[in-house]
Amino acid sequence: MITDAYNANIVHPARKHRDAALFDSIMDTLQRNCSVLLPTDSAARVLELAYLLDQHWSFHHLSSYPLILLSHTSYHTTHFAKIMLEWMGDAVTKQFSQARENPYDFKYLRLCHRREDLDRYPGPKVVVASNLSLETGYARQLFLEWMGEPAVEKLGDSKFEGDEMSDVREKEKESAKNNALILTDRGPPGTLARELYEKWEKQTTVKTEADDAAQQQQQQPVKPSVELAANLKLTVRRKIPLEGAELLEHQSAQRAKIEREAAQAAMIARSKTIMEEDDLMSEGSESDEALEDANADVEDLLIGKDQFDLYVRDAAKSGGFFKQTQSYRMFPFSEKRKRFDDYGEVIAPEHYVRSAAEAADIAGLPAPNGGTGANFGGRDEDADVRMDEPILPPRDEVPTKYVAYDEEIHVRCVLRYIDLEGLSDGRSIKTILPQVAPRKLILVHGSEEATRDLEQACLSMDQMTREVFAPDVGEVLNVSAATNIYQVKLTDALVSSLKFSKLDDYELARISGRIHFPADSTTPTLDIAPADEIVVPSPESSLGAAISANANSSGWHAPVFVGDIRLTDFKRVLQAAGITAEFRGEGVLVCNEQVAVRKTATGQLLLEGLLSEDYFKIRTLLYAQHAIL
């Protein structure tokens, strides 16, 4: 078993205490007319967090405070969550089965996938944004806007904001010192989220030591929030629209790209047309030539002079050396051949288009305002809308670029960490591992202190295995369950001398030989051993030690019975052979009132009874259930 020691030395408060602390922190911040930022991932833990918050909003009817999920994949994440309820927990599936309501049809949670969408929700709000590390994504952007400001004002800062910074953002920036940042994950080491967590942990530890007397009287299950004021040197990345020469260069590159795509599409269409014409020509025959002649005659009839649609006596056409064919002029008609592809006859969509007015007229209904009926060729906007697919808002097509620069940011906010990672703590791990009882245990992904703590805890348990490994980073560990298996090559003479015994789907044989190490191969060879070198095992030898002599040797060896049979199965075999068998006493199978078969605690079968015809018959049936080597 491979498990991690990430939380081996951490004990989480109860889940209800953590949920209560989360809601209390959010409501305290909202009541101060400030906003809350919860960094999280984009497609995993965000589902549980969004469901938890939406349920709280529904229970308390908090419609005055917007609850927003801001992520590039917010629409797709919730869409796929709605159709995968069978993978959810019992609470979600129970709600769906009882109330017949999809729990991810959020009533209060609003989905946004652009930063500009937040401007539609002014005032205090709760934003669940990605990414949990605060290194990238909307979470970092909102962190810099809501909770940070440059430590040294620069004249060039306004160029990154431009005229798009609204009054709403200015007010949010003024109240940045009161906005709350709630970390639901410690974040990977070396990230901004981990750095903020360590600052929060340090301040809460100092506060706990200072208020030791108060903590003894009233123990708080979750550590409180702190007011963070610190200067951090961060890399600021902003997206700005292209201007001047960069915009002209981008537009020229786009035009060149469109021209290349158009040329490539034209080339593909031309190649397809040539291939279709070749197919038509390859399928042609004499009837094609006659059809071409008829088409030529029709053209002459349409545009030529002195052409008639009746028989003309003098209009003759030479059809060969011996006869003259008469030509009858008919009304103009051109027969078009049907085209076929790999799937049959080619269908022209325009032949099946019927306007909505015609369809309504046929059905006796009033004609709608525009639109088409059975629209196989055109695009009907109403018909294209699928209710089972998420509808994404249009994206901004303005060409932009990212600029990055290092800047010292003065961070002021209310900071709190509430564990919602969904991982087991040290107490749970130390309770679960003895119940699993693995044969070998490997501890990875944890600090050195946490790994050693869990390793010592496992070794101190009597019911745990002694094979507990805690490899270092880069260390190679062989944990194969069959470490005593070696590969050898059998000679043809040895293979031909073996006598196999069949057991279920396997064939077993007993061998005894000598191992050679050829100079031209790295695989050792097993060959027939001379008769005077054959090792004769004792009858008390175990199955693993009794590696026998082959059939051509003169040495004696004790037979080995391979296989395991239950007495209940053997009872059915005896009854099928016409022998009366029944259990008596403690697991003793009595056969024909003369022979007894029983199994000892070590798994050894004992056959007891008078030497009679039934005895030898039962012994033969018992031997047949094993492979004798």
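Note that the structure is a prediction, hence the values are computed from the model and not measured.

1. Focus: the overall build of the chain
Helices and strands together make up the secondary structure of the chain, namely 18 helices and 26 strands. Within the chain, contacts between residues at least 6 apart in sequence are counted, and of these 69% link residues at least 24 apart. Of the accessible surface of the chain, which amounts to about 41700 Å², a share of 52% is contributed by carbon and sulfur atoms.

2. Description of the pattern of salt bridges
This structure, assessed with the given rule, holds 21 salt bridges. Connected through shared salt-bridge partners, Arg15, Asp19, Arg45 and Glu48 make up one network.

3. Focus on the sheet that holds strand β15 (residues 468-469)
The 3 strands are arranged β1-β14-β15 in an open sheet whose pairing can be described as parallel. On the outer flanks of this sheet lie β1 (2-4) and β15, each paired with one strand and no other.

4. Overview of unusual backbone geometry
As a rule of thumb, non-glycine residues mostly have phi less than zero, and peptide bonds are mostly trans rather than cis. For Asn33, which is not glycine, the phi dihedral falls at a positive 65 degrees. One non-glycine residue with positive phi stands out, namely Ala437, at about 55 degrees. When its relative accessible area of 44% is taken as the criterion, Ala437 is described as partly exposed.

5. Re the sheet that holds strand β22 (residues 581-584)
Ordered by their spatial adjacency, 4 strands build an open sheet running β22-β23-β24-β25, and the pairing between neighbours is antiparallel. A strand with exactly one partner marks an edge of an open sheet, and here the two such strands are β22 and β25 (605-609). For this sheet, the mean angle separating the axes of adjacent strands, direction not counted, is 25 degrees. Across 5 bridges, the pairing between strand β24 (residues 595-599) and β25 is antiparallel. When the sheet's bridge partners are listed, Lys599 is paired in β25 with Leu605.

6. What to know about the side chain of Ser74
By the element assignment, Ser74 lies in helix α3 (residues 74-82). There is a polar contact of 3.3 Å between the side chain of Ser74 and the backbone oxygen of Ser71. For Ser74, the side chain forms a polar contact with the main-chain oxygen of Cys112, separated by 3.1 Å. Beyond its immediate sequence surroundings of up to four residues, Ser74 is in contact with Leu69, Leu111, Cys112 and His113.

7. Some thoughts on a nonpolar patch on the surface
Residues Val488, Leu490, Val495, Ile515 and Phe517 make up a contiguous nonpolar surface patch of roughly 450 Å² in combined accessible area. Along the polypeptide, Leu490 turns up in strand β16 (residues 489-490). Relative accessible area serves as the criterion here: at 35%, Leu490 is assigned to the partly exposed category.

8. Let's talk about the packing of aromatic side chains
This model, assessed by the stated rule, comprises 7 aromatic pairs. Relative to Tyr417, the ring of Tyr197 has its centre 4.9 Å away and its plane inclined at 70 degrees; by these criteria the two rings are edge-to-face. Of this pair, Tyr197 sits in helix α8 (residues 192-210) while Tyr417 sits in strand β13 (residues 400-417), placing them 220 residues apart in sequence. Residue classification places Tyr197 among the buried residues on the basis of a relative accessible area of 13%. Tyr417 sits in the buried class, given a relative accessible area of 9%. Within the aromatic cluster, the residues linked to one another by ring pairs are Tyr51, Tyr104 and Phe106. When the ring centre of Phe96 is taken as origin, the NZ or CZ atom of Arg100, which lies over that ring, is 4.8 Å away.

9. Observations regarding the packing of helix α1 (residues 15-31) against helix α2 (residues 45-60)
α2 packs onto α1 with a crossing angle of 65 degrees between their chain directions and a minimal axis gap of 12 Å. The handedness of the crossing between α1 and α2 is right-handed. Contacts between α1 and α2 involve Arg15, Asp19, Leu22, Phe23, Ile26, Met27 and Leu30 on the former and, on the latter, Glu48, Leu49, Leu52, Leu53, His56 and Trp57. By residue class, the composition of the contact of α1 with α2 is 9 nonpolar, 1 polar and 3 charged.

10. Digging into helix α15 (residues 448-459)
Here α15 contains 12 residues, and its C-alpha end-to-end distance of 16 Å stays within 8% of the 16 Å for a straight helix at 1.5 Å per residue. Taken as a whole, α15 has its buried residues at Ala450, Thr451, Leu454, Glu455, Ala457 and Cys458. Axial view of α15: buried residues confined to an arc of 165 degrees, hence all on one face. In α15, the exposed positions angled more than 90 degrees off the buried face are occupied by Glu448, Glu449 and Gln456. Where α15 is buried, its residues touch β1, α14 (426-436), β14 (441-444) and β15.

11. Side note on the environment of Pro241
Following the sequence through the fold, Pro241 ends up in strand β8 (residues 226-241). Given a relative accessible area of 35%, Pro241 falls into the partly exposed group. The spacing of Pro241 and Val398 is 157 residues in sequence and 6.8 Å in space, taken between C-alpha atoms. Other than its neighbours up to four places away in sequence, Pro241 contacts Val398, Pro399 and Thr400.

12. Some points on helix α5 (residues 137-147)
Of all 11 residues making up α5, 9 are buried, and the element is well covered by its neighbours. Looking only at α5, the buried set comprises Tyr138, Ala139, Arg140, Leu142, Phe143, Leu144, Glu145, Trp146 and Met147.

13. Quick look at the environment of Leu196
Of note, Leu196 is situated in helix α8. Relative accessible area serves as the criterion here: at 0%, Leu196 is assigned to the buried category. Sequence separation of Leu196 and Leu181 is 15 residues, and the distance between their C-alpha atoms is 9.8 Å. The contact partners of Leu196, leaving out residues within four places of it in the chain, are Leu134, Phe143, Leu181, Leu183, Leu228, Leu232 and Leu415.

14. Points about the confidence of the model for the chain
With 72% of its residues at a pLDDT of at least 70, the chain reaches an overall mean of 77. Every residue in residues 213-219 is under pLDDT 50, and counting partners more than four places away or in other chains gives 2 contacts. Low confidence marks residues 307-312, where pLDDT is under 50. Its contacts with residues over four positions away, or in another chain, come to 12 contacts.

Calculation rules
- Residues numbered from 1 in each chain as written.
- Predicted model: local features only at pLDDT ≥ 70, side-chain atom pairs only at ≥ 80, totals over all residues.
- Heavy atoms only, no water.
- Helix = DSSP H or I, 4+ residues; strand = E, 2+ residues; numbered from the N terminus.
- Contact = heavy atoms within 4.5 Å.
- Areas by Shrake-Rupley, 256 points an atom, 1.4 Å probe, with all protein chains shown as cover.
- Salt bridge = Lys/Arg side-chain N within 4 Å of Asp/Glu carboxyl O.
- Pairing = 2+ DSSP bridges.
- Buried < 20%, exposed > 50% of the residue type's maximum accessible area, 1.4 Å probe, protein only.
- Axes fitted to C-alpha atoms, helices over the stretch in contact; angles between N-to-C directions.
- Polar contact = N/O pair within 3.5 Å; in protein donor to acceptor, adjacent residues only side chain to side chain.
- Patch = residues over 30% accessible without salt bridge, like charges linked within 9 Å, V, L, I, M, F, W, Y side chains within 5 Å.
- Phe/Tyr/Trp six-rings, centres within 6.5 Å; stacked < 30°, edge-to-face > 60°.
- Lys NZ or Arg CZ within 6 Å of the ring centre and 35° of its normal.
- Left-handed = near helix turned anticlockwise from the far one by under 90°.
- Nonpolar A, V, L, I, M, F, W, Y, C, P; charged D, E, K, R; others polar.
- Expected span 1.5 Å × (residues − 1).
- Arc of directions from axis to C-beta.
- pLDDT = per-residue confidence, 0-100.

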